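Survey of secondary and tertiary structure
Listed below are the residues making up each chain.
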Protein chains: 2
Amino acid sequence: MYDAENTYKPWHQLSLLVDEADPKKIIAYLESINPADTALAVSRLGVETQSKLLTLLSPKDAAEVIEDISDTQAADIIEELSPREAAAILEELDSDHVVDLLGELDAEDGNAIIQHMSPEDAQEARQFLQFAPDTAGGLMISEFLDFRSYQTVQDVLDDFQANHDEYVHYDVQYLYVTDDSNRLEGVLRMRDLLFPKRQTELGQLMIRNPYKISADATLEELSNFFEEHSLFGVPVVDCDNKLLGLVLPEALEEAEQERSVHQFLGLSGIIGGEEFRSMPLFARSGRRLSWLSLNIVLNIIAASVIAMYQDTLAAAIALAVFLPMVSDMSGCSGNQAVAVSMRELSLGLLRPTELLRVLAKEAGVGIANGAALGLLLAAVAYIWKGNIYLSLVVGTALAINTLVAVCLGGSLPLLLKRLKLDPALVSSPLLTTVTDMCGFFLVLSFASMVLDKL
Amino acid sequence: MYDAENTYKPWHQLSLLVDEADPKKIIAYLESINPADTALAVSRLGVETQSKLLTLLSPKDAAEVIEDISDTQAADIIEELSPREAAAILEELDSDHVVDLLGELDAEDGNAIIQHMSPEDAQEARQFLQFAPDTAGGLMISEFLDFRSYQTVQDVLDDFQANHDEYVHYDVQYLYVTDDSNRLEGVLRMRDLLFPKRQTELGQLMIRNPYKISADATLEELSNFFEEHSLFGVPVVDCDNKLLGLVLPEALEEAEQERSVHQFLGLSGIIGGEEFRSMPLFARSGRRLSWLSLNIVLNIIAASVIAMYQDTLAAAIALAVFLPMVSDMSGCSGNQAVAVSMRELSLGLLRPTELLRVLAKEAGVGIANGAALGLLLAAVAYIWKGNIYLSLVVGTALAINTLVAVCLGGSLPLLLKRLKLDPALVSSPLLTTVTDMCGFFLVLSFASMVLDKL
């Protein structure tokens, strides 16, 4: 089968150009393809070729390549460079991107790089790294414009002209006014400069006591803020009202997107960060195995219930067909409830304390779906074996276990959140273990009661 | 246990105020709480109280309530209103929000509402609804500013002053210049108006042939565009270069976020849209059950393998303990590979045609993790029963089944994407069925070969 899409392999071309070691040709090529293809091409190069690519380019050009690829991959490549080379590239990136990358490196590598940055950039990086990634401090950028209240519109316009090359990269819609101690006094929108006389002082134009947010504000608080006020950014201040940075709504959306991805990967058993197939086999296999090893231990615990009832099972071997069905189906039902709770929690439609509400709501679904699935399985069992007792045993077990699974699945994210554990990582293995054990126990203990009829 | 958080129930207060039927008090109360609490309070009201709330408020105020809650919930409430009331509220919303809401309603309800909108708004809504939700046309807004090239800076400033109240809600950084047939000619940034003389015509200031994007551009194309050009928005044109709307980067990020949420919910078996516990039991239970019913059929198919080997199992009942373990563990390994493929696909780091690459990469992980898990399970079996044959049977079965599961899990999202099926919904049930069948078959057929030694 001929497939045009398959034959276009930008990484071959890029690899050849890196071998030629002509930065101009490399830049020309990267500019000719789109950022997604740049990301694809760079990710498929070997580690050595990746390092060589970044060192061949000027720090500014290398920074543009870094911007096109994911943080996880960028950090892997940065680690291979000398701290001096890495620092030169990082200085060309936006402050929030620098912090994201440093956050992916281990502390030692990060410090080595910071030591090679210019004193101001190094100080800024150290300051920004103090904040947790999912707080206003962790999301803010330092690329904002601040002036003093005694400066005039003309001063601002002159400053714009003088610093045009720098400001053109700023994604900023507001001017902030600070006092001599850098405390936030007011804000102006760009458009507020259009109408007044050019000698007007900013102090007369600015909105005093502007909206602001504390550096330790959480994603939820930021999300509330931007829902309440449709602004292009919010200034971040410390406890002394000193202006630290600016959080853009995009940064918040990106953080929320990362949280969804984290939930998705965590529920699937990909933990400790993203996995890309360009990573070394050892790293990929090891990280997956660490999660699987925990899981197999939980599986052994669950299966030990079967071991206790071996005699029952041997006496009615048909039950063996139903054991995995009862446990799998309950696991599925429980995971549905986990997902609904996690969504409601992250949307703020459910509080971690509202356990009773969840139990009441899930009990309804559990009884309805348990009855439906139990009847279905009972019917299957009866058609297959024609034994009403077998069909009662497996149907009742599935019905009860579905109820247990949805109540537990709905509650687990709330309990884990209150225990400060990550529901995305812990809910599913815990749920499956309990529903497996409970499912095996229900089927086999009901069966023991009517063993002579099976 | 006393819990302050638990005692604050904004929906009680809101419900009382709706009963009092005093819109001013309701507005005052909603303004005193944050949007997340508004969303929470509204979602907990009964259907009748929700409708009463919206009809008590002015359409403008009702629209603000609608903006605070999720589209799924908003659509549920809108459905309960008369088309006339609904239309009045929708006219107060941004165009992309209107389209999102109409998209959640069934076609008949949507049309009834559109018929009660003003002719211009109705035409716009019909036009916007033509586009698929995940395209530039589906994400664009109609709130943009366009002028003609012969208009002057003064004309624009006069227009700003005259329409200040309307434009203040516009989230727009650019002015677009169109010809008399509405074809896009150029673009200006707001700041381009700061320096020139006020009599300058826009035609002299504008950037000609601006970046633009076609209405049928996909999320990937938009994502590429905004990565390549850091702009505050991109104009959307039809095939005649006529200006249709504006896509903001926020709209793109929101769409990408929705995709992640959809993947997360889909993998957990929540299909057909979001589920909130405020929805009626019947709807929640029914939607979950529709997915579970498919799953139980797949489970029956998988378990039928055990039924075929009942004699083997009866002869070596210890195997029954290992059957669910082998199938569960392989399912987990396979789901890890599914998640990695889905992430790589959505980041553009993997193409749907690159099956061989995935197989090669997953085979490595499958062999490494299969060997590790197989050895672990073999050790457990030997410690428990002291039978080397049993331990060989279950260890080898798990090792091989892990390899099968990761290769299949890694490939499934690619195959499903090429078949235009949704990997988030289909991968996991399909994978689990195959790995269950294969796991049961491997354990029981290996066991049959050495049955006299078990």
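Now for a quick tour of the structure.

Conventions used here
Residues numbered from 1 in each chain as written. Chains lettered and ligands numbered in written order. Predicted model: local features only at pLDDT ≥ 70, side-chain atom pairs only at ≥ 80, totals over all residues. Heavy atoms only, no water. Pairing = 2+ DSSP bridges. Helix = DSSP H or I, 4+ residues; strand = E, 2+ residues; numbered from the N terminus. Least-squares fit on C-alpha atoms with pLDDT ≥ 70 in both. Contact = heavy atoms within 4.5 Å. Axes fitted to C-alpha atoms, helices over the stretch in contact; angles between N-to-C directions. Parallel < 35°, antiparallel > 145°, perpendicular 65-115°, else oblique. Left-handed = near helix turned anticlockwise from the far one by under 90°. Nonpolar A, V, L, I, M, F, W, Y, C, P; charged D, E, K, R; others polar. Phe/Tyr/Trp six-rings, centres within 6.5 Å; stacked < 30°, edge-to-face > 60°. Buried < 20%, exposed > 50% of the residue type's maximum accessible area, 1.4 Å probe, protein only. Lys NZ or Arg CZ within 6 Å of the ring centre and 35° of its normal.

Quick word on the sheet that holds strand β5 (residues 213–214) of chain A
Residues and elements named next belong to chain A. Across the sheet, which stays open at both edges, the three strands sit in the order β5-β6-β7 with mixed pairing between neighbours. Only two strands of the sheet have a single neighbouring strand rather than two, namely β5 and β7 (243–247). With two bridges connecting them, β5 and strand β6 (residues 234–237) associate as parallel partners. In the sheet register, Ile213 faces β6, and the bridge partner there is Val236.

Describing the relation of the copies chain B and chain A
The operation relating chain B to chain A is a screw motion whose rotation component is 180°, with 0.0 Å of axial translation and a residual RMSD of 0.1 Å. Viewed as a symmetry operation, the transformation between the two copies matches a two-fold axis. In this assembly the copies share their binding face: 99% of the residues contributing to the interface of chain B also contribute to that of chain A.

Some details on the packing of helix α17 (residues 249–267) of chain B against helix α23 (residues 423–449) of chain B
Residues and elements named next belong to chain B. The interhelical angle for the contact between α17 and α23, taken along N-to-C directions, is 25°, at an axis separation of 8 Å. Our classification of the angle between α17 and α23 gives roughly parallel. Where α17 crosses over α23, the handedness of that crossing is right-handed. In this structure, α17 contributes His262, Gln263, Gly266 and Leu267 to the contact, and α23 contributes Ala424, Leu425 and Ser428. When the residues that make up the contact of α17 with α23 are grouped by side-chain class, the tally is three nonpolar, four polar and no charged.

Re the packing of aromatic side chains
Under the counting rule described, the total for this entry stands at 14 aromatic pairs over all chains. A ring pair is formed by Tyr211 of chain B and Phe225 of chain B, whose centres lie 5.9 Å apart and whose planes are at 75°; its orientation type is edge-to-face. A residue pair is termed long-range when its members are at least 10 positions apart, and Tyr211 of chain B in the loop between β4 (207–208) and β5 (213–214) and Phe225 of chain B in helix α16 (residues 219–228) qualify at 14 residues. The buried category is assigned to Phe225 of chain B, whose relative accessible area is 9%. On the basis of an interplanar angle of 85° and a centroid distance of 5.4 Å, the ring pair of Phe225 of chain B and Phe226 of chain B is categorised as edge-to-face. One exposure class covers both Phe225 of chain B and Phe226 of chain B, and it is buried. Joined through ring pairs, the aromatic side chains of Phe144, Tyr174, Tyr176 and Phe232 of chain A make up one cluster. Of note, Arg44 of chain A hangs over the ring of Trp11 of chain A, and the distance from its end group to the ring centre comes to 4.7 Å.

Some details on the sheet that holds strand β1 (residues 145–147) of chain B
Residue and element names in this part refer to chain B. On the basis of which strands lie adjacent, the open sheet formed by four strands has the order β1-β2-β3-β4 and mixed pairing. The open sheet has two edge strands with one neighbour each: β1 and β4. Taken together, the five bridges between strand β2 (residues 174–178) and strand β3 (residues 184–189) define a ladder with antiparallel strand orientation. Counted as the bridge partner of Val177 is Gly186 from β3.

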